[in-house]
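# Close look at the chain arrangement
Spelled out from the first residue to the last, the chains are:
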Amino acid sequence: MTTGKFLSAAILCLVLGTALGDDVLEGNYNVTAFCTAVKTGTNLGSIVSCDYYYVCTSTGPVKTSCTSGYAFSLATGSCTPAGQANCYYGLENPCLGKTGQSWVPVTGTCNQYYYCLDGVNKGQGSCKGTQSFDKISQQCVYGNCNPALVDSSDEPSLQSVCEVVPAGKYFGDTINCQKWNYCQADGTLQTADCATAYDVQNNLCGFDTGNVCSRVTESELGTASLECTTKGAMQPNDNVCGSYYVCNGNSLVSYDCAYGYYFDVTKNDCLPRKTATPVAGCNRCQFATTTWVNAVNTTSCGTYYYCNNGKATLQTCQEDYYFNEAQQGCVPTANEPAFNTYVSSNGACAGATVDSSTTAANGGSTPADGGATPAPTTEAPAPTTETTADPNGK
């Protein structure tokens, strides 16, 4: 398969014939590559315009337009009335048709938004840290956005595979034949590995026979690659604990650890989830079997996540308490031997000490004393009711 040139939206080359020609590209979004990873007949969204979508055929993607007044909706995987599609690509005024106060995404980014008041764009803002903007709830939510990947150019930019693959569809990967992906209704990506190979057309774990793994190439399915110069250099994925990057001399290529393993930043290797010390801020709900898990906190071990369908909401224990994942609660650090034992065997807390007064920011509910079950909030920061352009609620 020949890789086409990186084209802007203005001169986008739409190849509607054989998959052996130049790839259909929208900025860093290789539509042709995506079509090899989904079942034939799947409809994929565009990141240039809401007015059309791509039908993945056996010979490649075919651009298909919605009728007047309709737009492509990821929720349904089809064209729906424009006002119900929650699609904002290519709109001159993304606030058009909105009543009262609302917040809508800045396309091509994962953390930026417009503040709308009665259909008028009143300003632009950004979510804090690694929070991303959720266009459905119109809120900033935790743990899904890497600001370093936000593209400030005029090129169309894909930030997540779930921006173009409809929810509820299983699909494969172009680097790892064993990997399958699934976009949940809220846009969260769920992934796992088959023992041998994921069969895209039959939607099942099978064997590498025939053309089952023909989709596998050296090009990553998803976000644009990051530039680098030192071949072989490794670095963690700031959001996904079980993934990491390796420099090929020009760009960073993404790799996944085995199921149940995280990339350890102290050893530059994949280690079992419990003992690995992953990068601070990555989502430790990945591979978790409990509702609450430690966040990476090598100072006090006092922060933790509430896990809900893979989404992580950060919480904080009260002062002089640490979070014990086995007990599913915050436990007093007054029992120093028990604290030290926990820290030594749980990589997320490696190096934490009793006398530290520093805890991670972002707040959260405080569990009761003595290791009682924590009661974290499931709500993300809500937009303020005042007339400001800040869905962080500040």
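What counts and how
- Residues numbered from 1 in each chain as written.
- Predicted model: local features only at pLDDT ≥ 70, side-chain atom pairs only at ≥ 80, totals over all residues.
- Heavy atoms only, no water.
- Buried < 20%, exposed > 50% of the residue type's maximum accessible area, 1.4 Å probe, protein only.
- Helix = DSSP H or I, 4+ residues; strand = E, 2+ residues; numbered from the N terminus.
- Arc of directions from axis to C-beta.
- Contact = heavy atoms within 4.5 Å.
- Disulfide = S-S within 2.5 Å.
- Core = buried A, V, L, I, M, F, W, Y, C linked by side-chain atoms within 4.5 Å.
- Pairing = 2+ DSSP bridges.
- pLDDT = per-residue confidence, 0-100.
- Salt bridge = Lys/Arg side-chain N within 4 Å of Asp/Glu carboxyl O.
- Phe/Tyr/Trp six-rings, centres within 6.5 Å; stacked < 30°, edge-to-face > 60°.

## Details of helix 2 (residues 336-345)
The set of residues buried in helix 2 consists of F339, Y342 and V343. Down the axis, helix 2 shows its buried residues gathered within 100° of arc, on one side only. Along helix 2, the residues that are exposed and aim more than 90 degrees away from the buried face are P337, T341 and S344. Considering only its buried residues, helix 2 is in contact with strand 23 (292-294) and strand 26 (321-324).

## As for the state of the cysteines
Applying the stated criterion across every chain, the model contains 13 disulfides. Each sulfur of the disulfide joining C50 and C87 lies 2.1 Å from the other. Across the S-S bond of C50 and C87 the torsion is about -95°, and the bridge reads as left-handed. Note that C50 is positioned in the loop between strand 3 (43-45) and strand 4 (52-57) and C87 in the loop between strand 7 (78-81) and strand 8 (101-105), a separation of 37 residues in sequence. Accessibility classification places C50 together with C87 in one group, the buried group. The disulfide that involves C317 links it to C330, with 1.9 Å between the sulfurs. Torsion about the S-S bond of the C317 and C330 cystine: about -75°, corresponding to left-handed handedness. Of this pair, C317 sits in the loop between strand 25 (311-316) and strand 26 while C330 sits in strand 27 (residues 329-332), and the two are 13 residues apart along the sequence. Accessibility assignment for this pair places C317 and C330 in one class, buried.

## Here we look at the nonpolar core
Nonpolar side chains tend toward joint burial in soluble globular proteins. Judged by nonpolar contacts, the single largest core of 25 residues is most densely connected at Y29, F34, L44, V164, V165 and F171. Where this core is concerned, the elements lending two or more residues are helix 1 (31-37) and strand 4.

## Observations regarding the pairing of strand 5 (residues 60-65)
Bridge analysis of strand 4 against strand 5 gives 6 bridges, and the strand direction is antiparallel. Residue T57 lies in a different strand from strand 5, and its bridge partner there is G60. Linking strand 4 back to strand 5 in an antiparallel pair, the connection comprises 2 residues.

## Remarks on the confidence of the model for the protein
Residue-level pLDDT values for the protein average 78, and 78% of them are 70 or greater. In this model, residues 1-21 is a region of pLDDT below 50 whose contacts with residues beyond four sequence positions or in other chains number 45 contacts. Considering only residues more than four positions removed or in separate chains, one finds that residues 356-394, a stretch of pLDDT under 50, has 111 contacts.

## Points about unusual backbone geometry
Trans is the common state for peptide bonds, and a negative phi is the common state for residues other than glycine. Positive phi is not limited to glycine here, since N268 has a value of about 50°. If you trace the backbone, N268 turns up in the loop between strand 21 (261-264) and strand 22 (269-272). Among the residues examined, N268 registers a relative accessible area of 39% and is labelled partly exposed. A positive phi angle, close to 55°, is found at Q328, a residue other than glycine. Examined against the element boundaries, Q328 turns out to sit in the loop between strand 26 and strand 27. The exposure class assigned to Q328 is buried, which follows from its relative accessible area of 15%.

## Re the pattern of salt bridges
Inspection of the entire model under this criterion finds 3 salt bridges. Across the salt bridge formed by D256 and K179, the nearest N and O atoms sit 3.1 Å from each other. Note that D256 is positioned in strand 20 (residues 252-256) and K179 in strand 14 (residues 179-183), a separation of 77 residues in sequence. When its relative accessible area of 31% is taken as the criterion, D256 is described as partly exposed. In this structure, R284 engages E325 in a salt bridge whose closest nitrogen and oxygen atoms are separated by 3.1 Å. Taken as a pair, R284 in the loop between strand 22 and strand 23 and E325 in the loop between strand 26 and strand 27 lie far apart in primary sequence, 41 residues in all. Grouping residues by exposure puts R284 and E325 together as buried. Salt bridges linked by common partners bring R273, R284 and E325 together as one network.

## Details of the packing of aromatic side chains
With the rule as written, the count across this model stands at 14 aromatic pairs. On the numbers, 5.4 Å between centres and 45° between planes, the contact of W103 with Y115 is tilted. Taken together, the residues W103 in strand 8 and Y115 in strand 9 (residues 112-117) connect sequence positions 12 residues apart. Members of the aromatic cluster, connected to one another through ring pairs, are Y170, W180 and Y182.

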